[in-house]
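Listed here are the chains, written in short residue letters.
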Amino acid sequence: MKPPPPPPAAEATVEDVLPGEAAVAAAARRSLEGRARGIGRVWPFLGPAFVAAVAYIDPGNFATNIAGGSKFGYLLLWVVLGANLIAMVVQTQSAKLGIATGKNLAELCRETFSFPASIGLWIQAELVAMACDIAEVVGAALGLNLLFGIPLFPAGLIAGAGAFAILALQQFGFRRLEAAVTALVGVVVVSFLVELFHAKPHASSVAHGLLVPGFGGTESVLLATGIIGATVMPHVIYLHSALTQKRIVGRDDRERYRILRFEKIDVVIAMSIAGVVNLSMMMVAASLFHGSGLAGIDTIEGAYDGLKSIVSPNAAAIFGVALLASGFASSSVGTMAGQVVMQGFIQRRIPIFLRRAITLAPALVVLAIGLNPTDALVASQVVLSFGIPFALVPLVMLTSNRKLMGALANPGWLSALAGTLAGLIIALNVFLLQQVFFG
């Protein structure tokens, strides 16, 4: 008797990218059946949002937060806080889509929209993934350059090799990969908490910046737009839905509700950590650099030199380590997201290491021709902003579809909130692009 044929390409899921682990599935089953207590109930469900959270503390965020604090002090802290709250809503919606349907956003776009629309969405998603990779590799290369004086092009090659090493962990199961990414996030968190200790921000100024919205002229509005627009990364919306689609499968609506509740905890913890990091970046820049009179401190290189001169070489080194960890982690996550996009939209996949090599090429070209690293980071964020509507609008449409989502479909108020936030982000990005090209 012949063995059954392999499943068609349409059934491929993120499990092909991140192999499942029986121990995690068994622990999740105990939790869903009420046989686990305490942290054991939540532990199996933690991880996907931590992978997604890497996009919120990538080198592009370093650039925007440092510029905001250096130029405007604590004024724009409320923008960072608001952007983080928006991120919680968006990532919860993405996670819910995977839990409810067993499919990811790219797959559902292919199945729901017309063929031309699906191909168009795929092409722009690939371009966005390429732009994202430029930012992440350039950021990691810049970290190596600042720490060890390695020229940017060789540093980019080393950054690519580091991403290869992290991706290799997928062969041992998704828990290993999640743990490695979470550890890199931990390095960034600890680094900026140490920097915050050195900076000693003014408590009342921090409270005012967090709670009292305000701007300091047109440039601050433009920078605030960039902070919010760069926060919601389109590639990680695709990825988060893939990370939850088959990871732990609910057998009925009750179990799917419980899984969603646990995933909300995952999102709140991970996004809160990312928010603390982003707020710390801006507070450090505000406390140390705002009004200091130092030149060029609104760039990553300037911040490194400023920390070295104002605080100590050790503080500058800690900053460089955080940038390097951020670049390594976000580059690996970006490659996974690109694999999910290709797999979902066109039902094709290539070895993830080959994809890593292909997507590394544009970043190496940027480094080889000698473009300013900070300028390259900013330019990549502008390209990323083009992709936000093409991920957010389908996400809102699909999560509001009761026929597709079943009992987990968004209620009217949540659809209205998600639609409003999507409209706000899109409007801000249109404003950002208008200012960049015509302002």
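Keep in mind that what you see is a predicted model, and the values were worked out from it rather than measured.

Asker: Please give an account of the overall build of the protein chain that cites residues and values.
Answerer: In terms of regular secondary structure, the protein chain is built from 19 helices and 0 strands. Computed over C-alpha atoms, the radius of gyration of the protein chain comes to 21 Å, within 12% of the 22 Å expected from 2.2 N^0.38 for 439 residues, which places it in the range of a compact globule. Dimensions of the protein chain, computed from C-alpha atoms along their principal axes, come out at roughly 75 × 50 × 45 Å. Buried residues in the protein chain amount to 58% of all 439 residues. Long-range contacts, defined here as pairs at least 24 residues apart, represent 84% of the contacts in the protein chain between residues at least 6 apart. Accessible surface computed for the protein chain: about 17,100 Å², of which carbon and sulfur atoms make up 70%.

Asker: Outline the packing of aromatic side chains, listing residues and values.
Answerer: Tallied over the full model, the rule gives 6 aromatic pairs. Both rings, one in Phe192 and one in Phe319, keep their centres 6.1 Å apart while their planes meet at 80 degrees; by these two values the pair is edge-to-face. Note that Phe192 is positioned in helix α9 (residues 174–199) and Phe319 in helix α15 (residues 313–346), a separation of 127 residues in sequence. Among the residues examined, Phe319 registers a relative accessible area of 2% and is labelled buried. Pairwise contacts between aromatic rings join Phe62, Phe192 and Phe319 into one cluster. The ring of Phe197 carries the charged tip of Lys200 above its face, separated from the ring centre by 4.9 Å. Of note, Arg261 hangs over the ring of Phe262, and the distance from its end group to the ring centre comes to 5.8 Å.

Asker: Please give an account of the confidence of the model for the protein chain that cites residues and values.
Answerer: Averaged over every residue, the pLDDT of the protein chain is 84; the share at 70 or more is 91%. Confidence, read as mean pLDDT per element, is least for helix α11 (residues 218–231) in the protein chain (76) and greatest for helix α10 (residues 203–211) (95).

Asker: So what's going on with helix α7 (residues 115–148)? Residues and values would help.
Answerer: Under the 1.5 Å per step criterion, the end-to-end length of α7 is 49 Å for 34 residues, consistent within 8% with the ideal 50 Å. Gly149, located one to two residues past α7, shows a positive phi value of around 70 degrees.

Asker: How would you sum up the layout of surface pockets? Please name residues and give values.
Answerer: By volume, the second largest pocket amounts to about 230 Å³. Within the residue set of the lining of the second largest pocket, elements represented by two or more residues are α5 (77–101), α13 (253–289) and α19 (412–438). Its residues assigned to classes, the lining of the second largest pocket comprises 12 nonpolar, 2 polar and 2 charged.

Asker: Provide a residue-level description of helix α6 (residues 105–112), including the pertinent values.
Answerer: Where burial is concerned, most of α6 is hidden: 6 out of the 8 residues are buried. For α6, every residue scored as buried is listed here: Leu105, Ala106, Glu107, Leu108, Cys109 and Arg110. The backbone nitrogen of Ala106 has a side-chain oxygen 3.1 Å away, supplied by the residue at the start of α6, namely Asn104.

Asker: Give me a nonpolar patch on the surface: which residues, what numbers.
Answerer: Taken together, the side chains of Val383, Phe386, Phe437 and Phe438 present a nonpolar region at the surface, about 460 Å² in accessible area. Elements supplying a minimum of two residues to the nonpolar patch: α17 (373–399) and α19. Residue classification places Val383 among the partly exposed positions, given a relative accessible area of 35%.

Asker: Account for the packing of α7 against helix α14 (residues 300–310), naming residues and giving values.
Answerer: A pair of packed helices can be characterised by two numbers: the angle between their axes and the separation between those axes. The geometry of α7 relative to α14 is characterised by a closest axis approach of 11 Å and an angle of 30 degrees between their N-to-C directions. On the basis of the axis angle, α7 is roughly parallel to α14. The chirality of how α7 crosses α14 is right-handed. Of the residues in α14, those in contact with Leu142, Leu146 and Leu147 of α7 are Ile300, Glu301 and Tyr304. Of the residues assigned to the contact of α7 with α14, the class counts are 5 nonpolar, no polar and 1 charged.

Asker: Lay out the nonpolar core with the relevant residues and their values.
Answerer: Ranked by internal contacts, the top residues of the largest apolar core, which has 134 residues, are Phe62, Ile300 and Phe319. With 17 residues, α13 is the single largest residue contributor to this core. When sequence neighbours within four positions are dropped, the list of residues in contact with Ile300 reads Pro59, Phe62, Ala63, Leu142, Leu146, Phe319, Leu323, Thr374 and Leu377.

Asker: So, the environment of Leu210: which residues are in play, and what are the values?
Answerer: Inspection of the secondary structure assignment puts Leu210 in helix α10. Residue classification places Leu210 among the partly exposed residues on the basis of a relative accessible area of 25%. Between the C-alpha atoms of Leu210 and Ile123, which are 87 residues apart in sequence, the distance is 39 Å. Discounting chain neighbours no more than four positions away, the residues touching Leu210 are Leu77, Trp78, Leu81 and Leu279.

Asker: Give a detailed account of the packing of α7 against helix α12 (residues 234–245), specifying residues and quantitative values.
Answerer: Where α7 meets α12, the axes come as close as 9 Å, and the angle between the chain directions of the two elements is 105 degrees. The angle between α7 and α12 falls in the class roughly perpendicular. Of the residues in α12, those in contact with Gln124, Ala125, Val128, Cys132 and Glu136 of α7 are Pro234, His235 and Tyr238. Across the contact of α7 with α12, the residue classes tally to 5 nonpolar, 2 polar and 1 charged.

Asker: Explain the side chain of His235 to me, and be specific about the residues and the numbers.
Answerer: The topology assignment puts His235 in helix α12. Residue classification places His235 among the buried positions, given a relative accessible area of 4%. Each residue touching His235, except ones within four places of it in the same chain, is listed here: Ala55, Cys132, Glu136, Gly334 and Ala337.

Asker: Residue-level account of the environment of Pro44, with values.
Answerer: Within the element layout of this structure, Pro44 appears in the loop between α2 (39–42) and α3 (48–53). When the C-alpha atoms of Pro44 and Thr374 are compared, they prove to be 39 Å apart, with 330 residues separating the residues in sequence.

Cut-offs and rules
Residues numbered from 1 in each chain as written. Predicted model: local features only at pLDDT ≥ 70, side-chain atom pairs only at ≥ 80, totals over all residues. Heavy atoms only, no water. Helix = DSSP H or I, 4+ residues; strand = E, 2+ residues; numbered from the N terminus. Rg over C-alpha atoms; globule rule 2.2 N^0.38 Å. Buried < 20%, exposed > 50% of the residue type's maximum accessible area, 1.4 Å probe, protein only. Contact = heavy atoms within 4.5 Å. Areas by Shrake-Rupley, 256 points an atom, 1.4 Å probe, with all protein chains shown as cover. Phe/Tyr/Trp six-rings, centres within 6.5 Å; stacked < 30°, edge-to-face > 60°. Lys NZ or Arg CZ within 6 Å of the ring centre and 35° of its normal. pLDDT = per-residue confidence, 0-100. Expected span 1.5 Å × (residues − 1). 1 Å grid on protein atoms, 1.4 Å probe; cavity = no way out; pocket = protein on both sides within 12 Å on 5 of 7 lines; lining within 4 Å. Points joined across faces, edges and corners; volume = space filled by probe spheres on them. Nonpolar A, V, L, I, M, F, W, Y, C, P; charged D, E, K, R; others polar. Polar contact = N/O pair within 3.5 Å; in protein donor to acceptor, adjacent residues only side chain to side chain. Patch = residues over 30% accessible without salt bridge, like charges linked within 9 Å, V, L, I, M, F, W, Y side chains within 5 Å. Salt bridge = Lys/Arg side-chain N within 4 Å of Asp/Glu carboxyl O. Axes fitted to C-alpha atoms, helices over the stretch in contact; angles between N-to-C directions. Parallel < 35°, antiparallel > 145°, perpendicular 65-115°, else oblique. Left-handed = near helix turned anticlockwise from the far one by under 90°. Core = buried A, V, L, I, M, F, W, Y, C linked by side-chain atoms within 4.5 Å.

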